[in-house]
Amino acid sequence: MAEPEQLVVEAERQAAAATTVDELSAVRTAMTGKRSPLVAARKALGDLEPDARKEAGQTLNAAKTAIDEILSAREAELSAAARAEQLAAERLDLTEVTELAADGHLHVITQTWQELEDVFVGMGYRVAEGPEIESEWYNFGALNFPLGHPARDMYDTLYVDYGEPGTTLLRTHTSPVQARVMENQEPPIYVVAPGRCFRQDTADATHMPVFHQIEGLVVDRDTTLGDLAGTIEAFTAAYFGPGFTSRLRPSYFPFTEPSAEFDIQRPDGTWLELGGCGMVHPNVFEACGIDPEQWQGFAFGFGIDRLALIRFGIDDLRELWTNDIRFLGQF
Amino acid sequence: MKVLLSWLREFAPDIEGEPEHLAGVLSDLGLAVEELSHVGPGLDGIVVAEVLSTRPHPDADRIHLVDVDAGDGEALQVCCGAFNMAVGDLVPLATVGTTMPGGMEIARRKMRGEWSNGMLCSGAEIGMGDDHEGILILDQGLSLGAPLTEALGIHPDVLFDLEVNPNRPDAMSVMGVARDLAARLGVAFAVTAPGVEEAGQPAAERAAVSIAAPDFCRRFGVRVLDNVPSGPSPRWMANRLLAVGQRPINAVVDLSNYVMFELGQPNHTYDLDLVPEGELGVRMAHKGEQLTTLDGVERTLTSYDGVIVNRDDEAIGLAGVMGGASTEISAGTRSVLLEAAWWDPMTIARTARRLGLRSEASARFERGADPEIIPMALDRFVELAAALGATTSPGMIDATGNRPAPITVRVRTPRVNAILGTELSTDEMTALLEPIGFACEAGGDSQDFKVSIPSWRIDSATEIDVIEEVGRLHGYSNIARTVPVTEQAGTLTPQQQDRRHIRALLTGMGITEAMPLPFLAPGDLARAGLGDDGITVTNPLVAEESIMRTSLRPGLLKAVAYNAARRTTGVSLFEIGRTNPGGGGELPDEHEHLAVILAGQEATAATTLWRRLARHLAATNPGVVNGPVDGLHPGRSGQVLADGQPVGALGEIDPQVLDAYEIDERVAWLEVDLGALLEADRGLAPYRAPSRYPSSDIDLAFTVPDEVSADEVAATIAQAGGELLASVSLFDVFRSEQLGEGRRSLAYTLRFEAADRTLNDAEVAAARQTCIDAVTTTHNATLRG
């Protein structure tokens, strides 16, 4: 039988010769398996005198430990090489992509609408809604437009064939939501009402028979015109960003008094006429069952579509409605 | 409303400041300046020239060659694009070296090979009127070569184009704008009474007025003039009218317009010889009554129109809107009745709108003219006419209807401050109001005062109207800005949040949001395989926008077709929008729908989408029931259920509908009533801790008749599997000849597990058998070996 030292040398030789993990496994069986010289030598120890047995046993154990270390080390080498080879074989050109899944896009109106909602929600407002087909009462009557009032002519109203002629219409503004909220909710009220509106208008780059507005309404004990101006200013800063300011100019709307137009001044000094606003008219409060001596409020409204156009640099309103995927997919 | 600075200064001579500053002040007063322009400067170098001859350009059709004499007797050739001049006409010539008001420099240059030694000018090019088309033909008699400004008496001036709100009748006049501007600038404002010389037979003996409609006509003033001028008005007046956009016609018409622009009071002249006895009356028209107006059109009237009648009760004028042809002034007219009246605004608005006859005059009556200005307006006309040789009968006929009583309003100082957010004293408020004619009188204590509303502010009648005036004159920009604080937390409602979640889910799945017009053309719904047309719009501009939609389908089909026609197939779009499917109470029912269209995909893509949507919303018992749906492929359509209730439909668009839209690919479709879906029972199932024990998977394949849906089989398994069945999912479907016609194989993976133990083989086997038995007995199915 071979000396243990020779076994170690042999194991070293065979391990080095093995080129795969499988071959090394065979070497391990040959060198340390049941039929290996090492095991045979261990079995033969019983035939020795105790002292000699102890010494030979220690020698054998040392050899076994050495062989195991040799094999483990070689195994680690071979596994690493095998993994490296596999990884090399799996190399990919990561630009070899044939198909890109389509992205979904929110419509620019929705994006703008949601941004506006978020600004006002951040300022403590809730979001109210109302029907798009409205009664003449909520669209005009409750808002201090008496029947036959010339101010109704400022709105090119579309009517629908429902109920008595002239009683049911496509809302011309989101302001009817003001009246509905005031009828249904005790003050204090802090709401915005984004929505779709309609006018008899021929489609062109700056007009559509359908458009979107957002309305704001605040009713509280001591709401003032100064609060309105401050709110418009706070909104301007929040939505448009630093460097944008606002101003109010006297104007006329039947449902507010005092009334104002509000303009936004861009950092370059130019103005954008944005919308209308004012203090809720006492007649509107009364029509909605709120005591104008107890409560005061303001309302404001402006177009969403034009903001979307400005924000995304679109120059024709009609593009919003074509549904051309080459348009929708850009935003 | 256009006003000249020089004209404003006739009422407030001390108005000073840069034009831009004044424009800012006017805007801040609520008289928004839409355009600020300069009159006069830039006209240096433009001279009067006479047309000597015209001839065609040898090489151009759109321009011709004009020889003019600019005063030196030489023929100067100019190329000109307008053809409205004749030989002998006097025209404005911009000489070489002139810089035009618009900034263009005039140089000697060749146009298509011919020299042009200057430019002939249109009225618009030199700030005189709006005419861009033709060359301005000047009056004869001007000296050739004279500078145009000198020849026409044009002085440098500033023109403000104002947007006047409906509640500002006073600002429809130079006087009213001057009053506002002077008040804000703190300078004097004064109206000089016109100087009137009277002679001859008293007016009362030559004319009479009776008012039979006293609410419609609250005041009717008349003066009688003789020797009225028949020629043109003086140059200075014509220039002013041109500048404010009114074409000069003749002296009488121009005088009338001038007084209207200046004082805001429209007025009308009748040829006295054509009005028997000079008698005028006012009444409401009879239904069907005929009247030929000045424009020669015969009008049929209603009982809501007001008319002026003669002694014989024949209508001779449409009150406040347009005069009648029968009493029109002509070149031979020597004596006139001059009328200035107050008409009911709503009546005038209705008549003018119905007949499409809105004018500068009707615009003023609609807002509400000032009944107290009538005598002065008549006198002003008389004064200006006298300068042209007219004489005036003594006296004025002043007929009145129901004159409104003067309005006095009690104003509470604290209320004003509470609305505006100011801390003004009563004295400060008074100081703001008095200059615009709101006379203030101290009340019982320092906290309130009485305000007399001026007659020219018919829009003002209540405390809030006065508060607005205080705010306006104080200046909105001088009010301290504050932001109200609410204790309410700003939030979206659960439904609004769901809408956002749905949009996020769909876009995350690669579906893009579309926005079709909510209007349809007649027949659009039928073309999409849907029922009859829904609610119609009674006054659409075009038929394509006359029908309200009952479904989002026509709009999205059109969008797919639009893209397909532009070589983009396979688009996936969705829309969330309102529909009016029919029914309703006081208002038509309005439903919010969600629709998804998947071009190039089969019906099951819609099912997958619906499942994901339902799972996302935690819908209770979402389901699909196969069955025909209008406009969808009859074998590939079904109803969508939430909590057992139908909330929509899905499937594939009917090929016939696709043909109608010229779409060549399969199109999957899902449309749900979003309101119904979100209101249906929803919510996550109660929490179950994940089992710490291993689960067992069993695959089962059944041969099932086609009529039985895969969902039904899964539901049966789920019920039979009971507590131990953690999940069941379909993983394979196939058909083959072996399985036979009308049957297919459905293979499911069942996962069993228990929360408290590892299931033993016997338990799993028993559960498996229960499931097999349930499916085979319930659905005429067989287990495949």
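Read on for a plain summary of the structure.

## A closer look at the overall build of chain A
Here comes step 1: A tally of helices and strands in chain A yields 12 helices and 10 strands.
Here comes step 2: Relative to a compact globule of 331 residues, whose C-alpha radius of gyration would be 20 Å, chain A shows 42 Å and is clearly more extended.
Here comes step 3: Taking the principal axes of the C-alpha coordinates as reference, chain A spans close to 125 × 50 × 45 Å.
Here comes step 4: Relative to its full complement of 331 residues, chain A shows a buried share of 52%.

## Points about the interface of chain A and chain B
Quoted interface sizes are often the accessible area lost when the parts come together.
Here comes step 1: Taken together, the 86 residues of chain A in the interface contact 79 residues of chain B.
Here comes step 2: Counting the surface lost from both chain A and chain B, the interface buries some 7000 Å², and carbon and sulfur atoms represent 55% of this.
Here comes step 3: It is Tyr162, Pro250 and Glu257 of chain A in chain A that bury the most area against chain B; as a group they hold 10% of the surface buried on that side.
Here comes step 4: The tally of links from chain A across to chain B stands at six salt bridges.
Here comes step 5: By residue number, the principal contributor to the side of chain A that touches chain B is helix α8 (residues 225–240) of chain A, which donates eight residues.

## Re the sheet that holds strand β2 (residues 133–135) of chain A
Strand-to-strand pairing in sheets goes through backbone hydrogen bonds, with the strands running parallel or antiparallel.
Residue and element names in this part refer to chain A.
Here comes step 1: Strand order in this open sheet of three strands is β2-β4-β3, and the pairing throughout is antiparallel. What marks the edges here is a single partner per strand, and that holds for β2 and β3 (158–159).
Here comes step 2: Strand direction decides the pairing type here: β3 and strand β4 (residues 168–170), joined by two bridges, are antiparallel. Pairing of Tyr159 across the sheet is with Leu169, part of β4.

## Focus on the sheet that holds strand β6 (residues 90–94) of chain B
Residues and elements named next belong to chain B.
Here comes step 1: The five strands lie next to each other as β5-β4-β3-β6-β9, forming an open sheet whose pairing is antiparallel. At either end of the open sheet lies a strand with only one pairing partner, and these are β5 (76–80) and β9 (119–120).
Here comes step 2: Both strand β4 (residues 64–69) and β5 contribute to a ladder of five bridges, which runs antiparallel. Bridge pairing links Leu65 to Cys79 in β5.

## Some remarks on the nonpolar core
Here comes step 1: Judged by nonpolar contacts, the single largest core of 165 residues is most densely connected at Phe160, Phe220 and Trp343 of chain B.
Here comes step 2: Apart from the residues within four sequence positions on either side, Phe160 of chain B is in contact with Met1, Lys2, Val3, Leu5, Leu8, Pro19, Leu22, Ala23, Leu26, Val33, Glu35 and Leu36 of chain B.
Here comes step 3: If you look at the next biggest cluster of nonpolar residues, it comprises 51 residues, including Ile314 of chain A together with Ala528, Ile535 and Ala649 of chain B.

## Observations concerning the side chain of Glu339 of chain B
All names here are of chain B.
Here comes step 1: Examined against the element boundaries, Glu339 turns out to sit in strand β20 (residues 336–343).
Here comes step 2: For the buried Glu339, which has no salt bridge, the nearest side chain bearing the opposite charge is Arg219, at an N-O separation of 12 Å.
Here comes step 3: Here Tyr270 takes part through its side chain, which lies 2.4 Å from a polar atom of the side chain of Glu339.
Here comes step 4: In contact with Glu339, other than residues within four places in its own chain, are Phe220, Gly221, Pro266, Asn267, His268, Tyr270, Ile308 and Leu378.

## Things to note about helix α2 (residues 21–32) of chain A
All names here are of chain A.
Here comes step 1: Under the 1.5 Å per step criterion, the end-to-end length of α2 is 16 Å for 12 residues, consistent within 8% with the ideal 16 Å.
Here comes step 2: For α2, the set of buried residues is Leu24, Val27 and Met31. One side of α2 holds all its buried residues, which, seen down the axis, span an arc of 55 degrees. Exposed and oriented more than 90 degrees from the buried face of α2 are Asp22 and Thr29.
Here comes step 3: On its buried face, α2 sits against α1 (4–17), α3 (37–44) and α4 (50–89).

## Topic: the packing of aromatic side chains
Here comes step 1: A full pass over the atoms with the stated rule returns 22 aromatic pairs over all chains.
Here comes step 2: Summarising the aromatic geometry, the rings of Trp236 of chain B and Tyr258 of chain B are spaced 5.4 Å apart at their centres and angled 90 degrees between planes, so their arrangement reads as edge-to-face. Linking Trp236 of chain B in helix α5 (residues 235–243) with Tyr258 of chain B in helix α6 (residues 251–263), this pair joins segments that are 22 residues apart in sequence.
Here comes step 3: Among the residues examined, Trp236 of chain B registers a relative accessible area of 40% and is labelled partly exposed.
Here comes step 4: Site record: aromatic cluster; members linked through ring pairs are Phe120, Tyr125, Tyr190, Phe235, Tyr239, Phe240, Phe244, Phe262, Phe298, Phe300 and Phe302 of chain A.
Here comes step 5: Taking the ring centre of Trp295 of chain A as reference, the NZ or CZ of Arg221 of chain A above it sits at 3.7 Å.

## A word on the environment of Gln645 of chain B
Here comes step 1: As for its position among the elements, Gln645 of chain B is in strand β33 (residues 645–653).
Here comes step 2: As a C-alpha pair, Gln645 of chain B and Gly529 of chain B span 116 residues in sequence and 23 Å in three-dimensional space.

About the criteria used
- Note on numbering: residues in each chain are counted from 1, in written sequence order.
- As they are written, the chains are lettered A onward and the ligands numbered 1 onward, keeping that order.
- In keeping with the model being predicted, local features are shown solely for residues with a pLDDT of at least 70 and side-chain atom pairs are shown and tallied solely at 80 or more, while totals for entire chains, interfaces and linings include all residues.
- As a rule here, side-chain values cover all heavy atoms of the structure and leave hydrogens and water aside.
- Helix numbers and strand numbers start at the N terminus; a helix is a DSSP run of H or I with at least 4 residues, a strand a run of E with at least 2.
- Based on C-alpha atoms, the radius of gyration is set beside the globule rule, defined as 2.2 Å times the residue count to the power 0.38.
- Exposure classes here rest on a 1.4 Å probe applied to the protein chains alone. A residue is buried below 20% of its type maximum, exposed above 50%, and partly exposed in between.
- Contacts are assigned to residue pairs with any non-hydrogen atoms lying within 4.5 Å of each other.
- Summed over both partners, the accessible surface that disappears when two parts come together, traced with a 1.4 Å probe, is what is meant by buried area.
- When a carboxyl oxygen of Asp or Glu is within 4 Å of a side-chain nitrogen of Lys or Arg, the pair counts as a salt bridge.
- Criterion used throughout: strands pair if DSSP finds at least two bridges between them.
- Throughout this description, the term nonpolar core refers to a set of buried Ala, Val, Leu, Ile, Met, Phe, Trp, Tyr and Cys residues connected via side-chain atoms within 4.5 Å.
- Neither His nor the chain termini are counted; the positive set is Lys and Arg, and the negative set is Asp and Glu.
- Under the rule applied, a polar contact is a pair of N or O atoms within 3.5 Å (in protein, one hydrogen donor and one hydrogen acceptor; residues adjacent in sequence only if both atoms are side-chain atoms).
- What a helix should span is 1.5 Å times the count of its residues minus one.
- Comment: arc refers to directions from the helix axis out to C-beta atoms.
- Two aromatic rings from Phe, Tyr or Trp, using only the six-membered ring of Trp, form a pair when their centres are within 6.5 Å; if the ring planes differ by under 30 degrees the pair is stacked, by over 60 it is edge-to-face, and anything between is tilted.
- The rule is short: NZ of Lys or CZ of Arg within 6 Å of the ring centre and within 35 degrees of the ring normal puts a charge over the ring.

Remember that the coordinates give geometry; whether it matters functionally is a separate question.
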